[in-house]
Structure formats: C-alpha cells, structure tokens
Amino acid sequence: MKPRSSSSSPATDAGGSRVPALLVTFFLLIAYLFSLFRDLFRTLAKVNRNAQISTNGLVWYTDGLHVGVWALSLFLASAVVLACGTRGMRPLTNLVSPDRAVFWLLILIAVANVWWAAQSLIIVYVLNTPRPNQPWTLILEMVSRRIAHPLFWGLAWIFVFAMRSPALAPLQAAFGIAYEHSVVLHRAMGWWSMFWVVIHSIGYLVVFIAEGELDAEFRWKSPHGILNNAGAVGTALFVLIGLSSVYLVRRKQFKIFAWIHWLWMPACAFAILHIGAFTWPMLPPMALFIIDRIACLWGAGAGHAGAVTSIATAVRVSDDVVALLIPVGPARDENQPMSQLDVDLANTYQPGRYLSLSFPLEVSPASHPFSIAAYSPKNRTVSIMIRALGPWTKRLYAMGTVEGAAVSLRVAGPFSHSALAHDHLAAEAAGQDAYGAAEKGVPLGHRRTLIAGGVGISKYAKVVPVDDSYGGKGKLDVVASSTTVAAAGNDRQIWLCKDEAELVMYASLGTDLAGWEVYSRKGFASVVPENKTAVRSTYPLFAQRVAAPLSTAARLLIFGIIAGLCVGTYLVSRLVITLPDPKKTKLCSGRSDTIEKFMRCSRWFNMIPFLSILVGLAALVQLVTLIQMAFTATKRDEGIFYCHSVGDALSAARLVERRFDMDKELAFPDGGQPTAGVRRLLSAGGLASGEVASMRTCSSKPVRNMLRERARESGAVMTDDGIAF
C-alpha cells in the first residue's frame, strides 16, 4: 500500500461530509418536534381514546403516527450513522469544547420540559376551560394528571441519550461529542422526569387528602386501587433510581448504583400499569437502546449480553498500575504486510474510546469503563492502563504479574468517540492541517492546554505509526488516532506522571509521546537508552477466539434484520391483543377490582407490546449476535506481544524532573467577563504569548477543581474529560 506522507491528515474523521450529520439532525429534529406537539395535536384534533389505543386492531394514531413518524425518525437517524461511520461523517460544528454542544442541548431539554408543562396547562385552562364553580381539588387533579405527560417523553429521550455505540448513537455523531459528555444529557432528562413524577404524585396526594379519600383511593378493591398502587410503586422506583445517581453515590458505590439502575425495567412496567399511554412513546427508543447494548455492530466480537469473553494479559507496571493486553483480531504473521483489516481495527479501536470490562462469573450488572491507551497494529492488540483504586481494580491488579498473567474478562465495546476525535476540524477552520502546520499563515484561533494526570493520558493518546514495525515491512494506509493539533507553539500537552515505569510502559505499548511535557517529582533516573526499568520487551498473548470488525455492508444488513425483527415483534404483539377472547366480555362487565380483570380488561394491551420489545426483541438480538459470532470468529493461537521502540518515543517527549506548578507553568488571560475567553477562542488574536484560552483535562479531582477555579477567574474555557462515570 502506498503510505501517506507525514504531513497528511489521518483519515479518521478527516474525510466525509457534513451532509450525513445534517440528515441525522433533521431526523432527530422531526422526532423532537413530534414529542413536543403530539399531546397538543391530539387535543386539537379531538382524538378520542379509541383512536389512540385499540384492543381490536391497528389504529392510525398509535400505530400510524408513533411508528410512522416517531419510530421511523429515530431508526433512520441511527441507520445514517451506521451507514457512514465516524470516518464518513463530520460533525455540524467545529467546537473548541464539547461542553458548548452539551450546553445548547441542555437548553433544548429545558425548553422541552417547560413547554410540556405549559402545554398541559394550556390544555386544561384554554382548550378544556374549567366550569365557573368547579372545586379547586378538581382543577388540581386535572393539572396533576396532565403534568405527568412530560414523563412520557422524558423516559423516551432518556433511552436515546443513553446510547453509547459510535455506530448507532445519533447525537454523538451529529454533534461530535463523546458519550462521556452526552451522558450529561441522560442525567439531566432523568432529573427532569423525576421532578415531574414527584409533582404529579404530590398533586394527587393533596387532592386525596383534601377530599378525605386517601385510604379509599389506595384500597385494593376500590375503583382505582390497583392503578394508584402501581403508580405509587413506580414513583418510588423512579425516585430511588434518581437518588442513586447522585455523584457521591455513583462514584463511591458504583455497584449499588448499577444494581439500582436496572430497576428502570420494573419502574417502566409500573408506570405503564398506572397510565397505559406511557407505552407508545417509549417503545422505539427502548428498542434502539437494546440494540445499542446487545448487538455487535462496531467492535470485533459478540457474545451474550453484548460482550465477548477475552483472555487478556495482565502486566504489573508499578506499585498500583496494571496494563491489560487484549487481542482483538486474528494473529498477524511477522512477514505479513498491512491489510485493510489492520485499517479497520485501527479505526475501530482508537485510543481515547473506552471498553467496558467485567469478570465472566461476576454476578453484577456493573461493568467498568476504561479508556483505550493504545492499539498496536503489529500485534493487533488493544492496551489499557488501569490504576488500582477501588475493590474491582485492586482485584484485577492482584491477578497480574510482572511477566504477564492470563486474566479472563468480559469485554464490551469500544464505545463513544475519542476525546479529540474531531480535533483536526478546529485546525482546518483556522487554516491549518491536522498536525497544526499553518498552511495559510493564519495562527490557530485558540491556545489550548491538555493536562493529563497519571493514566488519564489514555484519553489523549496517539498511535505510533507502524513504519518501524518489522523493519518497515508494510505500512498502514490509514493510522487511526485521537490526533491532537500539534503543540507547534499553539498547544501544550502536559502529563503529570506518577512513576517512570508508567512512562516507559506507555511508550512500549505504542503511544506517541511527541510534544508531551512529562512532569514527575520522583524524576526519571533509570529512563536511559538501555531502559533498565521493569518493563519488558515482550509479553505472552494467550489462545482465544477472536473476530474481525464487520464491514459497513454487514453492519447495515444486521441492523436491517434487527429493525425488521423489531417491527415484526411489535406487530405480533398487537396481533395477540386482537385475538378473540370469548370470556373477556363477561369478565370485564364489572369493576376492575382484581389483578386478572385489571390486566385483561385495561392494561394487557399496553404490557404485551412493552414486554415483547423488552424481552422478545432482546432475545432475538442476542440470537442474531451469537449467529454472527459463530460465522465470524476464528481461533487465535498463543503468541508474543512485541513492545514498540521506547527510545524514539521518550526522545520526542520533554522530561521534567519536578512537581508541576500550575500557577508558574500556565499563564491564564487576565480576568474579565466569563465570555471573554470564548471571544478569544473565536478570534485569531487577543492572546499574549503563552496564555491559556482553553483547557482539557483528565486528572484527579484536586487538579480538576484547581483548573476549574483558574478557568472561572480568567474566562478560559475548560472541558473536563474525566467526569462521566
């Protein structure tokens, strides 16, 4: 293959058009507007209950609008992303910080929730004008009933925001943001939804107490007893999920957080038992969420529950850091030239994306996300550096050895976009190429500083070109990496390295350290050409089954099959509802005061479609992925991981043997309004020599807090890449 010149841009995200991103945004906008105005349309069009939900067959309102507009828009948005991939899609805007995109999306979420609430009041007070002498309790009851409608659509969008595969997630692809930042949208919509469900519940409690019917309304055999008890349980579950999502609980008790989050399934079920209309907005995004989590449309392996069992090599690097070497493709012969498979693997396993890891026999819903530190083309192996801080990582560290020990892990992913995947677009907007060389004599419009702490450098890692692999036999036509705009007087790349062994290990794994300023208060006494650290030149790789990434055509075919299964599952569930039931007429003649009557006469036609997607579609997607793995997986024999050249990597970095002093090393702009830093980012000038206008960091909490304070004081823009989980 003809290699690219060293001054050319990497193909990852460099090519492609903004037309797919515009198309994805168009479909999302249709879905967004539909969710905003569906309730108002129903009221204005005087759509009665029988036209919304039917037990006698398909109806235009439920099956026509919800499937034809709402579901189709969401599925088409994901299909465009899948067809183009990140290599063929450029985000809509060249943003200095993903926080800017997230900020405006949060505004849209707030606008939607405020409009949903206002729409409810409009329907109650304008379109359905209360009679003059209506008691206040009746008006409050009407408002409380309508105020629950934002929860319908909030739950639906929560599933969309939780999608994390770069092959499907439409928001990430269209706006160039990583899952680590888009998950903020998921949490925001979750808090809004919990707020509405609490307001809805409190409103009804006030009405029941004021009318003296609290006990009667929750009595099991009362007309609304089962319905109200189901609503109370659903509310309690939603509140519990929300409370477990608080930062302190999520960070310190991640396993508890993960277990409680799985309560979303019974919470949604009880919500449907309470109000059947919850079902229809929720089904399409829930189906996409299931596909995103279980189907293998991006990575190089598929197993049960969306992950593949891999035998990794665990290497103890320092007193608290372990490196994992995970084979992700068929073994490559020493004399084999680079092929399209190597290009596909390199584009798939970009450093900065993350893998979710867990132990195979671990009975826990919690998987642990870790950023990819490097992908080695000559070994076809992904590397992850992990610091042992919690019980799970300490257990993993204990299983490793200096020589490298076999550790069986369930590996899912890769997920998200690398933090700097679209970095070169900002350079192009400033008249530079992807490596920061000024082609038009125009200086970069911002001065950006990257600060990585310890293993946080994995977020911003680059890949060493494979020219030096096997004496230069075969070169990659494309080397995928989270390429930063080079530190050619515009950017600074600062790594706060705890241990010199970690520095050498990163270089050995194939991480490009060119342009990085490496600070260590312990010094680098043994980092010499002879490399007398504990890091070795080779490590063992263990036999296992692996698979190559799917081609775009194969991914689209599988997605089409799954989408067809989704439609089929839905239609079959609606067909089951319409089957004649001779006993139903007699059974439903009285009040629904038993579970059997409540389900068969009023709620079964909502629960059947919900369970068919939640259980039936999940089982079918799992079956497709297992068949896919059976056809694509091959056995990879035991082998050797050959470390990359360390000397060249270290010589390209600047080693500083002292503690990093933020105030001395970084020059922030002089105060001013909070928007001053943004204005500096949009102009080519306005910065003194060495001043920092924007920062990105993946570091410890004390470092992040200090940077955030300096950014606030100076008006600089800061992006925290270590906040997601």
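Residues numbered from 1 in each chain as written. Predicted model: local features only at pLDDT ≥ 70, side-chain atom pairs only at ≥ 80, totals over all residues. Heavy atoms only, no water.

A. Spatial organisation of the confidence of the model for the chain. With 76% of its residues at a pLDDT of 70 or more, the chain has an overall mean of 77. Put simply, helix H24 (residues 676–681) is where the chain has its lowest mean pLDDT, 40, and strand E2 (residues 321–327) is where it has its highest, 93. With pLDDT under 50 throughout, residues 429–446 is counted as low confidence; its partners more than four residues away or in other chains account for 52 contacts. A low-confidence stretch, residues 671–689 (pLDDT under 50), is modelled with 36 contacts involving residues beyond four sequence positions or located in other chains. (pLDDT = per-residue confidence, 0-100. Helix = DSSP H or I, 4+ residues; strand = E, 2+ residues; numbered from the N terminus. Contact = heavy atoms within 4.5 Å.)

B. A look at the side chain of Ser182. With respect to the secondary-structure elements, Ser182 resides in helix H8 (residues 179–210). Judged by relative accessible area, Ser182 falls into the buried class, the value being 3%. Sequence-distant contacts of Ser182, that is, excluding residues within four places in its chain, are made with Phe161, Gln172 and Ile177. (Buried < 20%, exposed > 50% of the residue type's maximum accessible area, 1.4 Å probe, protein only.)

C. Local environment of the sheet that holds strand E17 (residues 717–720). Ordered by their spatial adjacency, six strands build an open sheet running E15-E10-E9-E8-E16-E17, and the pairing between neighbours is parallel. Unpaired on one side and paired on the other, strand E15 (654–656) and E17 mark the two borders of the sheet. Along the sheet, successive strands turn relative to each other by an average axial angle of 20 degrees, direction set aside. Bridge analysis of strand E10 (residues 516–519) against E15 gives three bridges, and the strand direction is parallel. (Pairing = 2+ DSSP bridges. Axes fitted to C-alpha atoms, helices over the stretch in contact; angles between N-to-C directions.)

D. Examining the pattern of salt bridges more closely. Considering all chains together, one arrives at 16 salt bridges under this definition. Close ionic contact of Lys498 with Asp320 constitutes a salt bridge, the shortest N to O distance being 2.9 Å. Of the two residues, Lys498 sits in the loop between strand E9 (492–496) and helix H18 (500–509) while Asp320 sits in the loop between strand E1 (308–316) and E2, which places them 178 residues apart along the sequence. The exposure class of Lys498 is partly exposed, given its relative accessible area of 37%. Residue Asp720 pairs with Arg704 through a salt bridge whose shortest N-O separation is 2.9 Å. (Salt bridge = Lys/Arg side-chain N within 4 Å of Asp/Glu carboxyl O.)

E. Seen up close, the environment of Pro284. If you trace the backbone, Pro284 turns up in helix H14 (residues 279–294). In sequence terms Pro284 and Phe159 are 125 residues apart; their C-alpha atoms lie 9.3 Å from each other. Excluding residues within four positions of it along the chain, Pro284 makes contact with Trp70, Ala71, Leu74 and Phe75.

F. Spatial organisation of the environment of Met599. Take Met599: it is sitting in helix H21 (residues 595–632). Distance in space between the C-alpha atoms of Met599 and Leu273 is 8.3 Å, their sequence separation being 326 residues. Beyond its immediate chain neighbours, meaning those up to four positions away, Met599 contacts Leu273, Trp604 and Met607.

G. Looking closely at the packing of helix H1 (residues 19–44) against helix H6 (residues 149–161). H6 packs onto H1 with a crossing angle of 160 degrees between their chain directions and a minimal axis gap of 11 Å. When the interaxial angle is binned, H1 and H6 end up roughly antiparallel. For H1 against H6, the interelement crossing comes out right-handed. Contacts between H1 and H6 pair Leu28, Ala31, Tyr32, Phe34, Ser35, Arg38, Asp39 and Arg42 from the former with His149, Phe152, Trp153 and Trp157 from the latter. (Parallel < 35°, antiparallel > 145°, perpendicular 65-115°, else oblique. Left-handed = near helix turned anticlockwise from the far one by under 90°.)

H. Highlighting the packing of aromatic side chains. Enumeration over the complete set of coordinates arrives at 25 aromatic pairs. Aromatic side chains Trp280 and Tyr570 sit 6.3 Å apart centroid to centroid with 90 degrees between the ring planes, which places their arrangement in the edge-to-face category. Taken as a pair, Trp280 in helix H14 and Tyr570 in helix H19 (residues 552–578) lie far apart in primary sequence, 290 residues in all. Of the residues examined, Tyr570 reaches a relative accessible area of 10% and is grouped as buried. Through a chain of ring-to-ring contacts, three or more aromatic side chains come together here, namely Tyr32, Phe34, Trp70, Trp153, Trp157 and Phe161. Arg316 extends its terminal NZ or CZ atom over the ring of Tyr397, reaching a point 4.9 Å from the ring centre. A cation over an aromatic ring shows up here: Arg395 above the ring of Phe359, its NZ or CZ 4.1 Å from the ring centre. (Phe/Tyr/Trp six-rings, centres within 6.5 Å; stacked < 30°, edge-to-face > 60°. Lys NZ or Arg CZ within 6 Å of the ring centre and 35° of its normal.)

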